[in-house]
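# Examining the three-dimensional arrangement
One letter stands for each residue in the lines below.
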Amino acid sequence: MKSPLHSIGKSRPRPIRPERSRRASRSSLRLALLSALLAPGMAIAAAAESPVTLYADQVHGLGSGHWTATGNVEVLYGDRRVYADTVHYDQARDEIIADGHVRMVSPGIVTAAPKATIHLHANEGVIVHPRYLLEAQQGHGHAESGRELSKGHYQLNEACYTTCDGEKPAWQLWSSRIDLNQNDNYVSTTNTTIDVLGLPVFWTPYLSFPLKRHSGFLAPSVGSSTINGFYLGIPYYFDIARNMDDTLTVNYFARRGVMLQNEFRYLEPNYSGKLYLDLLPSDQLTHKNIWAISWQHNQNLGDGFNFNVDYNQVSYKNFLSDFGGTAGFGSSFVGGIGNTPYIASSGGLYYNNTHISAGATLQGYQELAPGGAAPYSQLPYLFADGYWRVGRTGYFDWHSSFKYFSASAGPVGQRLDLTPTIGWRFSHGWGFLEPQARLYYSHYQIQRNAPYARAVNRTLPALSLKGGLNFVRYGSDGSTALLQPLFKYTYIPLQAQSSIPIFDASQPYQNFPMIFEDNSLYTGNDRINAANQVAIGLRGTWLTPGGRQLWQAAVGQIRYFNQRQINLAGDIVPQNQQSNYFFEGQYAPLPDINLLASSQVNAQQRKLERLNLRAQWLPGPQRVINLDYRFTRGFVRQTGISGAWPIYKRWQVLGSYQYDVTDHKPLEELVGMGYDGGCWATRMMVYHQILLGGQSNNVVYLEIVLRGLTSLGNASNGLLSQYVPGASMEF
């Protein structure tokens, strides 16, 4: 099928006419025609809602009520144009008959035909063998005949539609009738067959699709997994308002039953949000009703106030691992699809201005994995922070919070934290110096308190002095090298804290930036480490003459003058004289190659404690190769490779393979292939994952997009960003 030329909406060039005596001049014809149309005796002038303008080489019969224009005829009326070799006008019928190379240009659609009959002011007409182009969608086709039923409403008989070019389009839709209504931006078809590569692959008695956002059925989703079996989802879209919509999806799982999923979205100038509801009654696996809810809401209340809600709850602990690929909110939690140990919910009122940040929040958790992995709920969490400049170099920093920690077991209680800080920062081109004084005050009221006291107070001062030097060298080739020796001395008195329960404290893996923090050993406020120490580090950067960072590296360590420290339990224990060595670095020998590394080395035993390596090559669009290695002594030893690459013309492959070296087994495997044909695209992914608890799951994702018509399948963008960093298959 030949597609209509995209230039058919343009005026044809007019040839130069040297024989002016044999042809009427175009300007005089136009003036004569306009005078005739505006004359009192002409019916067309009285009935016209808008003026009609005619351009032609010759016009016969002006003033008779029947005229004929020949030679490069152009008729303009309203927002429409008609081009033809010959145009006949019948005043009584308000009708023109265009013959020979007819082209009709209307808003949003251009039509070419050998002949057309048009009732000008009724906006009706009949077209013989039309070829049409929907300019915004780049959709086009042809038909045996066509009718304009009213302005913007067309009916095409024995017609086809596609967005592909060429003699043999990759796909096209054939229909006994196509009803194209630009007024409600909808296309409906009857007795329709979809051909792919010339072969009929799908037939339906009725099909409809919007030219713009519109209520109606969306393309179904299909897939398969080990746990759920074959999957088919049929969504219906409700266009409630310009700023509000709803999608109801009926999901069929061969091994689980029928799930109803609803997604409601709203958008206003000062607030927006979305609400997900999932319900699987009488699950065939658990023999229970399974449900899930997720609501996100953000609202600007004005004058610095805002309000947000992020509420998530599931009735079945394996909901995300079983249905994370189909539930719209499954991939946003810690651990990704299927491997999140808990889900969080929060809601709060916040205030911010130049100096103050404050808020009141409720923070809760639902535990999904066994072993008590979920943190304490904070019901409520109140905070008020502030920052003010003092003179030219000084500052005052204030942090305060109140939390009520709630859990089903163990101690619960309240904690008030007050942390004022005063400091000065002296900065010059050669470096900086920053003395600082801080106070940590905490008050606890503990319930279910055995073996803890009901009320506990802790007050700890902290003094520190941080500084650094800047050594800059400019190369003869325009490159720049920066070397920064850094140090920070910190003093915090030693105090046993075993009388305080652990509500939010943890001992994270340290890295280079953390060694310059006051409480460098712990997160949360239940534990404040002792300190009589100096952290020393060296950081370097090299910039090419063009300003690109060639490499950056840092190494640091803490030297302890105190021989004792507190552990996570709050007891006083011996401490080594030095911490581990911390390294981090980045090297980009070429703009498209990036090498990343971070590590910890035990200073006493000279053993490697942690190592993370990544090599990434990004030579161009849709091209990426990642090599990864992760090692933590006694816990993790994994390696992986992932990447995406075009293999032939429009074909692209991608994959990810993550392997547990210790257990000698794969952790995650992802293989995918995609094709982008311009007017259509497809991709397929097969994914294998080890879930929490050792259960494995195999999932197949398939997506087909017919641009300008619909899409079919299950989108898998979340897997790409999570397991193949830097990859994309954008449709």
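The preceding data block contains the structure.
This report concerns the structure included in the present document.

Analysis parameters
- Residue positions are given per chain, counting from 1 as you read along its sequence in written order.
- In keeping with the predicted nature of the model, local features appear solely for residues at pLDDT of at least 70, side-chain atom pairs appear and are counted solely at 80 or more, and the whole-chain, interface and lining totals rest on all residues.
- Computation of side-chain values covers all heavy atoms of the structure but excludes hydrogens and water.
- We count a salt bridge whenever a side-chain nitrogen from Lys or Arg sits within 4 Å of a carboxyl oxygen from Asp or Glu.
- Comment: elements are numbered from the N terminus, with helices defined as DSSP H or I runs of at least four residues and strands as E runs of at least two.
- Each residue's exposure class comes from its accessible area (1.4 Å probe, protein chains only) as a fraction of the maximum for that residue type: buried when under 20%, exposed when over 50%, partly exposed otherwise.
- Only residues whose relative accessible area exceeds 30% and that form no salt bridge enter a patch; like-charged residues are grouped when within 9 Å of one another, and nonpolar side chains (Val, Leu, Ile, Met, Phe, Trp, Tyr) when within 5 Å.
- The protein chains shown are the only cover counted for residues, whose accessible areas, like all others here, come from Shrake-Rupley with a 1.4 Å probe.
- Geometry of aromatic contacts follows a simple scheme: Phe, Tyr and Trp rings, the Trp one being its six-membered ring, pair when their centres are within 6.5 Å, and the pair is stacked under 30 degrees between planes, edge-to-face over 60, tilted otherwise.

Okay, the pattern of salt bridges next. Scanning the model with the defined rule gives 16 salt bridges in all. One salt bridge in this structure joins aspartate 79 and lysine 151, with 3.4 Å as the shortest N-O distance. One end of the pair, aspartate 79, is in the loop between strand E3 (66-77) and strand E4 (80-90); the other, lysine 151, is in the loop between strand E9 (139-150) and strand E10 (153-161), with 72 residues separating them in the sequence. Judged by relative accessible area, lysine 151 falls into the partly exposed class, the value being 41%. In this structure, glutamate 434 and arginine 425 form a salt bridge, with 2.9 Å as the shortest nitrogen-oxygen distance. Classification of glutamate 434 as buried rests on a relative accessible area of 13%.

Attention now goes to unusual backbone geometry. Omega for the peptide link from leucine 379 to proline 380 comes to 5 degrees, which places this bond in the cis form. Structurally, proline 380 is set in strand E24 (residues 377-390). Residues alanine 450 and proline 451 are joined by a peptide bond in cis, for which omega reads 5 degrees. Within the secondary structure layout, proline 451 lies in the loop between strand E28 (431-447) and strand E29 (455-469). Phi is positive for histidine 287, close to 60 degrees, though the residue is something other than glycine. Structurally, histidine 287 is set in the loop between strand E19 (271-280) and strand E20 (290-302). Residue histidine 287 is classed as exposed on the basis of its relative accessible area, which comes to 66%. Not every positive phi belongs to a glycine, and arginine 448 is a case in point at roughly 45 degrees. Mapping arginine 448 onto the fold places it in the loop between E28 and E29.

What follows covers a nonpolar patch on the surface. Where nonpolar side chains cluster on the molecular surface, the patch consists of Phe230, Phe238, Ile240, Leu248, Val250, Tyr252, Val258, Leu260, Leu279 and Trp291 and spans about 840 Å² of accessible area. Elements with a minimum of two residues in the nonpolar patch: strand E16 (229-241), strand E17 (244-253) and strand E18 (257-267). Within the fold, valine 250 resides in strand E17.

Before going further, it helps to examine the packing of aromatic side chains. The tally for this structure, following the rule as stated, stands at 23 aromatic pairs. Relative to tyrosine 365, the ring of tyrosine 342 lies with its centre 5.5 Å away and its plane at 85 degrees, an arrangement referred to as edge-to-face. You can see tyrosine 342 sitting in strand E22 (residues 342-352) and its partner tyrosine 365 sitting in strand E23 (residues 356-367), a full 23 residues away along the chain. For tyrosine 342, a relative accessible area of 19% puts it in the buried group. Judged by its relative accessible area of 25%, tyrosine 365 is partly exposed.

That's the geometry; what it means functionally is another story.
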